[in-house]
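As a plain string of letters, each chain reads:
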Amino acid sequence: MGNLALTFIGAVLVNNFVLVRFLGICPFLGVSKQIDTALGMGMATTFVMVLSGAATWLVEHYILVPFGLPFLQTLSYILIIASLVQVVEMFLKKTSPALYSALGIFLPLITTNCAVLGLAIMAAQQNYTFVETIVFALGTGVGFTLALAAMAGIREQMEFADIPKALRGAGITLITAGLMSLAFMGFSGLIAM
Amino acid sequence: MSSVVLVSLASMAGVGILLGVVIAMAHRKFAVKSDPRIDEVEGVLPGVNCGACGYPGCRAMAEAIAKGEAPVDGCPVGGAAVAALVAKIMGVELKGGSRRLVALVRCGGGRAEARETAEYVGLDDCRAAQLLGGNKGCQYGCLGLASCVKACPFNAMFMNDNGLPVVDKEACTACGLCVKACPRNLIALVPDDMYVHVLCRSYDTGRVVRSNCQVGCIGCKACERVCEDDAIHVTDLLAEIDYDKCTNCGKCAEVCPTKAIVIEEGRFLVTKKAAS
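The model shown is predicted, which means the values in this text are computed figures rather than measured ones.

The rules behind these values
- Residues numbered from 1 in each chain as written.
- Chains lettered and ligands numbered in written order.
- Predicted model: local features only at pLDDT ≥ 70, side-chain atom pairs only at ≥ 80, totals over all residues.
- Heavy atoms only, no water.
- Patch = residues over 30% accessible without salt bridge, like charges linked within 9 Å, V, L, I, M, F, W, Y side chains within 5 Å.
- Areas by Shrake-Rupley, 256 points an atom, 1.4 Å probe, with all protein chains shown as cover.
- Salt bridge = Lys/Arg side-chain N within 4 Å of Asp/Glu carboxyl O.
- Helix = DSSP H or I, 4+ residues; strand = E, 2+ residues; numbered from the N terminus.
- Buried < 20%, exposed > 50% of the residue type's maximum accessible area, 1.4 Å probe, protein only.
- Contact = heavy atoms within 4.5 Å.
- Buried area = accessible area lost by both parts, 1.4 Å probe.
- Polar contact = N/O pair within 3.5 Å; in protein donor to acceptor, adjacent residues only side chain to side chain.
- Nonpolar A, V, L, I, M, F, W, Y, C, P; charged D, E, K, R; others polar.
- Pairing = 2+ DSSP bridges.
- Core = buried A, V, L, I, M, F, W, Y, C linked by side-chain atoms within 4.5 Å.
- Domains from an automatic or database assignment.

Undergrad: Give me a nonpolar patch on the surface: which residues, what numbers.
TA: All names here are of chain A. A contiguous nonpolar patch, built from Leu 58, Tyr 62, Phe 130 and Val 131 and spanning about 390 Å² of accessible area, is present on the exposed surface. Listed by contribution, the elements that provide at least two residues to the nonpolar patch are α3 (35-64) and α7 (130-158). Looking at the secondary structure, you find Leu 58 in helix α3. The class of Leu 58 is partly exposed, set by a relative accessible area of 41%.

Pasting the structure below:
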């Protein structure tokens, strides 16, 4: 149990996918203008991560390993992730059209979000059990949501700040992202993985 | 060896089929009922997503039409044919026959007619040349660097040997992108059944026009006097045709001393050489 908690905390803070491992930067910069949409995006991605984490674990341990097909890992993972994103997209379109249109192109782009694929591959490399994989995926998703929401909060505040003209827009966003990343680096050593 | 291939194929096919079934089930469960007319309207729209209607792509236009926010004849590219189909789907009647429009380049001063005062060696773009004033004595005439041709998504424009853009009337869809691309505002959308045109946009005095170009409008008002339909007027030293009144009689073109007014029938509006 303690081990699972450590895995979770480790995925959220110490090895935050966005700010420490630099995966999934595209939505981190693209959908972090408003806290609402950032949270929505984070939840959608978390959902995809947990589902794909579970599905890829099953495929890895019941198909790829028994049949000796490790070379199909990337291919099958992408297949699974793409299908799951389709399902999530349809689900969101039905349940929350506002969020669906707010996320726009970034929703189908979860398919190619390297954080999702990276999570699945890392879980396989670490030889996590099924439960560990789910907890790891959940932690990663929460970490992703945290990074997006924190960034969105800062960017909402920056709308009112007097930013030097040359830095407005992408410039100040990238600087902010770098500073946030530095801050998250401070978590390393919090727990020994 | 072949067993590895077979196992790979079988396992991936199995996973694929399974996921396909899941998606199909989700599609049925989470189906969103949308206005079926949206798909139908989108089907008859040209589908080039040029944005000339003011909506981001044909799909958005179809949604707006289905909601009643956009007019059924709002697609400038499809013209009357598409408007009729859309109107049929939407169950409304088209008001009046709107005329098909085509782009018209209103300058006849090519290399043979217009005096060049400089050699332009900058960026190959009219908008860049415009910043430097162009290479012609005439400050209103075509810069000849084909920004309009490059802007045309339908291959309906090309540059002729005389350094002027020519519109292929059959291919032109009146999307208006060339109109926006021209920094000198030389291109206008005119009804395609009109073939008497003033090919000059110069507001200079007659003397200046004559020194710069052999086919410029000098503002002599001869056309205005001869017109029986009150369709052509000289304002600020430039003749302009009111296409709502013009009857294509061509009398103004006959009396025009500089041949700035041309009669042209056919697919391409090619300016006559000044000598002819």
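Undergrad: For the interface of chain B and chain A, give the residues involved together with the corresponding values.
TA: Facing 16 residues of chain B, the contacting portion of chain A comprises 17 residues. Carbon and sulfur atoms supply 89% of the area buried between chain B and chain A, which totals about 1,400 Å² over both sides. For the pair chain B and chain A, the number of links is 0 salt bridges. For the pair chain B and chain A, the number of links is 0 residue pairs in polar contact (both at pLDDT 80 or more). Taken together, the residues of the side of chain B that touches chain A break down into 11 nonpolar, 4 polar and 1 charged.

Undergrad: Describe the side chain of A:Asn113, listing the residues and the values that go with them.
TA: All names here are of chain A. Its location among the elements puts Asn 113 in the loop between α5 (97-103) and α6 (114-125). According to the relative accessible area criterion, Asn 113 is buried, its value standing at 5%. Those residues in contact with Asn 113 that lie beyond four places of it in its chain are Gly 24, Pro 27, Thr 45 and Phe 144.

Undergrad: Any details on the pattern of salt bridges? Residues and values, ideally.
TA: All names here are of chain B. Counted according to the given criterion, the structure contains 9 salt bridges over all chains. Note that Asp 125 is salt-bridged to Arg 127, the shortest N-O span being 3.1 Å. In this structure, the salt-bridge partner of Lys 245 is Asp 230, at a minimum N-O distance of 3.4 Å. In this pair, Lys 245 is assigned in the loop between β7 (238-241) and α10 (251-255) and Asp 230 in the loop between α9 (222-226) and β6 (232-235), connecting sequence segments 15 residues apart. Residue Lys 245 is classed as partly exposed on the basis of its relative accessible area, which comes to 38%.

Undergrad: Describe unusual backbone geometry, and please don't skip the residues or the numbers.
TA: Residue and element names in this part refer to chain B. Phi at Ala 174 is positive, roughly 60°, even though this residue is not glycine. Position of Ala 174 relative to the elements: it lies in the loop between β3 (165-167) and α7 (177-181). A residue is classified by how much of its surface remains accessible, and Ala 174, at 9% relative accessible area, is buried.

Undergrad: I'd like to hear about the pairing of strand β4 (residues 187-191) of chain B, residue by residue, with values.
TA: Residue and element names in this part refer to chain B. Taking burial as the measure, the 5 residues of β4 include 4 buried ones, the bulk of the element. Direction of pairing for strand β1 (residues 101-105) relative to β4: antiparallel, over a ladder of 5 bridges. If you follow Val 105 over to β4, its bridge partner there is Ile 187.

Undergrad: Quick one: what's the story with the nonpolar core, residue by residue and with numbers?
TA: Ranked by size, the top nonpolar core spans 60 residues in total, and within it B:Leu45, B:Ile65, B:Val86, B:Met157, B:Ile187, B:Ile232 and B:Ile261 carry the most contacts. It is helix α3 (residues 58-67) of chain B that contributes the most residues to this core, 6 residues altogether. Residues from two domains meet in this core; each of domain 1 (36-90) and domain 2 (101-275) of chain B gives at least three. Not counting residues within four places of it along the chain, the set of residues in contact with B:Leu45 comprises B:Cys58, B:Met61, B:Ala62, B:Cys75, B:Val82 and B:Val86. Within the second largest apolar cluster, 53 residues are counted, among which are A:Met49, A:Leu92, A:Phe144 and A:Ala177.

Function cannot be read off these values alone, since they describe shape.
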